[in-house]
Amino acid sequence: MALISLRQLLDHAAQEGYGVPAFNVNNLEQTRAIMEAADQTNSPVIMQASAGARKYAGAPFLRAMMEAAMNEFPHIPVVVHQDHGMSPAVCQRSIQLGFSSVMMDGSLGTDGKTPMDYDYNVQVTRQVVDMAHACGVSVEGELGCLGSLETGEAGEEDGSGAAGKLTHDQMLTDPEEAADFVKATDVDALAIACGTSHGAYKFTRPPTGDILDIERIKAIHARIPSTHLVMHGSSSVPQEWLQVINEFGGEIPETYGVPVEQIQEGIRHGVRKVNIDTDLRLASTGAVRRFLAQNPSEFDPRKFLAVTMVAMKDICIERFEAFGTAGNADKMSALSLDAMTGRYSSGELTQTVK
Ligand code: G3H
Ligand code: 13P
Ligand code: ZN
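Only a predicted model underlies this, so the values are computations on that prediction, with no experimental measurement involved.

## Things to note about the overall build of the protein chain
Secondary structure assignment for the protein chain yields 14 helices and eight strands. Over its C-alpha atoms the protein chain spans a radius of gyration of 19 Å, differing by no more than 12% from the 20 Å that the globule rule assigns to 354 residues. Taken along the three principal axes of its C-alpha coordinates, the protein chain extends 60 × 45 × 35 Å. The long-range fraction of contacts in the protein chain, counting pairs at least 24 apart against all pairs at least 6 apart in sequence, stands at 77%.

As C-alpha cells, then:
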C-alpha cells in the first residue's frame, strides 16, 4: 500500500514540472474510476474527501474504501486528503483516521460560509500545521475566498463557499499577503483565489482574463516560487456532458468552467494541485440519464453504475494526461509518514520566503 503525503507528491511534481488533479470521492464508483485511470496512465493520485462526503458515506467507510483502493493498486502512490477542513478539530479527526494530508480552510469560519480575517486564518492554520507535521501529515491552507469575478457571488451551491457578495479584493489572493501567510504558517501548499468557484455555474461565458485571472497566479508564483499552489473550483464543465444531460431530461442552463488550457498555464506557473469534483458529477449524471432513457426496463443499479465508472474514468485519464501527471507513478519511491515527521523536525521542509 503506497500511502504518501501531499508534500512528497507536490515536491516531485514541482521538480518534474507537472500538476496533479485532486478528485473528490464519496463512493466506490468514483474511487474505482480514479484508480483504474491512474493505473492505465501510470499516475500518482490525490483522493480527497469533503465534509459532505463524510456525511454521505461516513469517515470510516471513506477511509476503508481508499485503503481498499491502495491495496488493489499497490504500485500507485496515493495521497488521502481531507478537503476543506473548517476547524482544527476536523483536521485532527482526519489525522487520527489515517489521512496523509489535510486542508485547513481558515479563509472561512467554522460554518463554511463567513469570510474570516487574516489573523484568524493564520492562527487556525498554524495550529493545524504544528499538529499535522508532528505526524508527518501535510497541510494545505487557503488565502482568499473563491467567488465569481463576474457576479461577486461565492456560489455556495456546492459544498464549501462564502455566503453573500464578496469584493474583488476578497476574491483575488494578494501576492504579498500570500508570502506573509506562508512564512507565518509553514503550510505545504497554498490554495489561492483567482476567479474560480465551486460547482457547475462558474462563468456565464467562456472565461477571459477579466473573470479568470491566471495573471494573478503568475504574480503569486513570482513572489513565492517554492510554494506549491492549489486551484480549487477547477472543473472544466464539459459541454458534451451538459448536452447529454439536457438531451435525456436534465435542465442545466448554459454555463462554462475552467478551460484545461488555462489550468495548464497555471501549472507552468506553480499550480501543483488542481481540485476537480463537478466534472465527475456531470459525467456520472449524464451517463445514468442516458443509460436509463435508452434502457427503460433495466433495474439493476450495477448496470447504470458501470456506465458512470467508464464516463468518470475517461475524464480522469484526460486530466492525468493534460496535466502531465501521467507517467510519474513509478518514478516515485513512497516515503512513510514517519519519515516525513523526521524531515519536518529536522527543518528540511521549512518554507523559505524572503
Ligand atoms: O468543496 C467542494 C467539493 O465540490 C465538495 O463538495 O461538499 O458537496 O462534497 P461536497
Ligand atoms: P469543482 O466544483 O470545480 O469541481 O471544484 C472542486 C473543489 O474545489 C473541491 O475542493
Ligand atoms: Zn474546494
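Moving on from the model shown.
## With respect to the site of ligand 2
Neighbouring residues of ligand 2: 15 residues in total, closest Asp 83, Lys 202, Ser 235, Asp 277 and Thr 278. Gly 233 has a polar backbone atom sitting 2.8 Å from an oxygen atom of ligand 2. Contacts to ligand 2 include Ser 234, whose backbone N or O atom sits 3.2 Å from an oxygen atom. For ligand 2, whose accessible area on its own is 310 Å², the fraction buried by protein is 96%.

## So, the coordination of the zinc ion (ligand 3)
The coordination sphere of the zinc ion (ligand 3) contains the protein donors His 84 (NE2), His 198 (NE2) and His 232 (ND1), at a distance range of 2.1 Å. Each donor residue of the zinc ion (ligand 3) belongs to the same chain, and together they define the spacing H-x113-H-x33-H. Of this pair, His 198 sits in the loop between β6 (189–192) and α9 (214–223) while His 232 sits in the loop between β7 (228–231) and α10 (239–247), and the two are 34 residues apart along the sequence. By the burial criterion, His 198 is buried, and His 232 matches it.

## Regarding the side chain of Arg 319
Turning to its location among the elements, Arg 319 is positioned in helix α13 (residues 301–322). Of note is the side chain of Arg 319, whose polar atom sits 2.9 Å from the side chain of Asp 279. Within the structure, the side chain of Arg 319 is placed 3.4 Å from the side chain of Glu 318, a separation counted as a polar contact. Setting aside its immediate chain neighbours within four residues, Arg 319 contacts Pro 21, Phe 23, Ser 236, Pro 238, Val 260, Ile 276, Asp 279 and Thr 325.

## Thoughts on helix α12 (residues 278–294)
Over its 17 residues, α12 runs 24 Å from end to end, which matches the ideal 24 Å to within 8%, given 1.5 Å per residue. Taken together, the buried positions of α12 are Thr 278, Asp 279, Leu 280, Leu 282, Ala 283, Ser 284, Gly 286, Ala 287 and Phe 291. Packed against the buried residues of α12 are β1 (20–24), α2 (28–41), α10, β8 (271–276) and α13.

## Digging into a negative patch on the surface
Among the surface-exposed residues, Asp 169, Asp 174, Glu 177 and Asp 180 lie close enough to one another that they form a single negatively charged patch. Mapped onto the elements of the fold, Glu 177 is located in helix α8 (residues 175–185). When its relative accessible area of 34% is taken as the criterion, Glu 177 is described as partly exposed.

## Description of helix α6 (residues 118–133)
Between its first and last C-alpha, α6 extends 22 Å over 16 residues, near the 22 Å set by a 1.5 Å rise per residue. Looking only at α6, the buried set comprises Tyr 120, Asn 121, Val 122, Val 124, Thr 125, Val 128, Val 129, Ala 132 and His 133. Those residues of α6 that are buried lie in contact with α5 (88–97), β4 (101–104), β5 (138–143), α8 and α14 (337–345).

## Structural notes on the environment of Ala 132
Looking at the element boundaries, Ala 132 is found in helix α6. Every residue in contact with Ala 132, bar those within four places of it in the chain, is listed here: Ile 95, Val 137 and Val 139.

Quick notes on the rules
Residues numbered from 1 in each chain as written. Chains lettered and ligands numbered in written order. Predicted model: local features only at pLDDT ≥ 70, side-chain atom pairs only at ≥ 80, totals over all residues. Heavy atoms only, no water. Helix = DSSP H or I, 4+ residues; strand = E, 2+ residues; numbered from the N terminus. Rg over C-alpha atoms; globule rule 2.2 N^0.38 Å. Contact = heavy atoms within 4.5 Å. Near = heavy atom within 4 Å. Polar contact = N/O pair within 3.5 Å; in protein donor to acceptor, adjacent residues only side chain to side chain. Areas by Shrake-Rupley, 256 points an atom, 1.4 Å probe, with all protein chains shown as cover. Donors = N, O, S within 2.8 Å, 3.2 Å for Na, K, Ca; no water. Buried < 20%, exposed > 50% of the residue type's maximum accessible area, 1.4 Å probe, protein only. Expected span 1.5 Å × (residues − 1). Patch = residues over 30% accessible without salt bridge, like charges linked within 9 Å, V, L, I, M, F, W, Y side chains within 5 Å. Salt bridge = Lys/Arg side-chain N within 4 Å of Asp/Glu carboxyl O. Lys, Arg positive; Asp, Glu negative; His and termini not counted. Charge placed at Lys NZ, Arg CZ, Asp CG, Glu CD.

Distances and angles like these do not, on their own, reveal function.
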